[in-house]
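# Inside the fold
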Amino acid sequence: MAARLVPNVSSKEGESQCEEKHAVLLSPVGKLEISGCETGLHEIKLPKMSVLPSGRAESSAACEVCEGAEEMTEPLKQCTAWLRAYFCEPARMASLPLPAFHHPLLRRDSFTRQVLWTLLRDVKFGEAVSYKQLAVLAGNSRAARAVGGAMRSNPIPIIIPCHRVICSSGQSGNYGGGNLMKEWLLSHEKLQKEKLAY
């Protein structure tokens, strides 16, 4: 895939550019489009699911880079390794480094950033939290709607696990990859967590 030049968000505006690279990971939920530069991960784009995938992610063969492997930066390699472990070998996730993030939303001081970092830090694999509970964890108990906005803005889904945020009623709520994908991810985590407990 061709590289693109994008503003480097860690520098002053207009000073430098980073060279964005792309990779596509074939996963049990479809093709995940991943972009980033040498500094960090920019974005993960999810496919829309219209049907649930058949079978489970049991082997690493179910998760392979199908485009862009020859140009991957270190953050992209870390991202694909982490996603491969997430889908196929969850027990390995704890031993893998998270890729550095290099998206403007995650670098500027905002409630959205606070919510996303809190979610990443506090809501673990196989757990779920309501929008209201996440608002409390992020320091503003009356900001459940703002938490929903933060979930919609998440540039790095799955790694920053916005799929783990559900309605207080227990319903799954909306998701950028579609409700089927959210339900699949939650079921996958529950099943894998149960397996790890044995």
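Residues numbered from 1 in each chain as written. Predicted model: local features only at pLDDT ≥ 70, side-chain atom pairs only at ≥ 80, totals over all residues. Heavy atoms only, no water.

### Observations regarding the side chain of Glu20
- Looking at the element boundaries, Glu20 is found in strand β2 (residues 17–27).
- Polar contacts involving the side chain of Glu20 include one to the side chain of His22, which spans 3.2 Å.
- Polar side-chain contacts of Glu20 include one of 2.7 Å to the side chain of His42. (Helix = DSSP H or I, 4+ residues; strand = E, 2+ residues; numbered from the N terminus. Polar contact = N/O pair within 3.5 Å; in protein donor to acceptor, adjacent residues only side chain to side chain.)

### Considering the environment of Cys63
- You can see Cys63 is positioned in the loop between β4 (41–45) and β5 (64–67).
- Using a relative accessible area of 0% as the deciding quantity, one classes Cys63 as buried.
- Once the C-alpha coordinates of Cys63 and Ala81 are considered, the two residues, 18 residues apart in sequence, prove to be 9.4 Å apart.
- The residues touching Cys63, leaving out its near neighbours within four places in the chain, are Leu25, Leu26, Ser27, Pro28, Leu83, Arg84, Phe87 and Cys88. (Buried < 20%, exposed > 50% of the residue type's maximum accessible area, 1.4 Å probe, protein only. Contact = heavy atoms within 4.5 Å.)

### Points about helix α2 (residues 111–122)
- If you check α2, its first and last C-alpha atoms are 16 Å apart, about what 12 residues at 1.5 Å a residue would give, namely 16 Å.
- When we look at burial in α2, the residues that qualify are Thr112, Val115, Leu116, Thr118, Leu119 and Leu120.
- The inward-facing, buried residues of α2 abut β6 (129–130), α3 (131–137), α4 (144–153) and β7 (165–166). (Expected span 1.5 Å × (residues − 1).)

### What to know about the packing of α2 against α4
- Between α2 and α4, the shortest axis-to-axis distance is 9 Å and the interhelical angle comes to 80°. What the angle tells us is that α2 and α4 run roughly perpendicular. Only Ala146, Val147, Ala150, Met151 and Ser153 of α4 make contact with α2, whose side of the interface consists of Phe111, Thr112, Val115, Leu116 and Leu119. (Axes fitted to C-alpha atoms, helices over the stretch in contact; angles between N-to-C directions. Parallel < 35°, antiparallel > 145°, perpendicular 65-115°, else oblique.)

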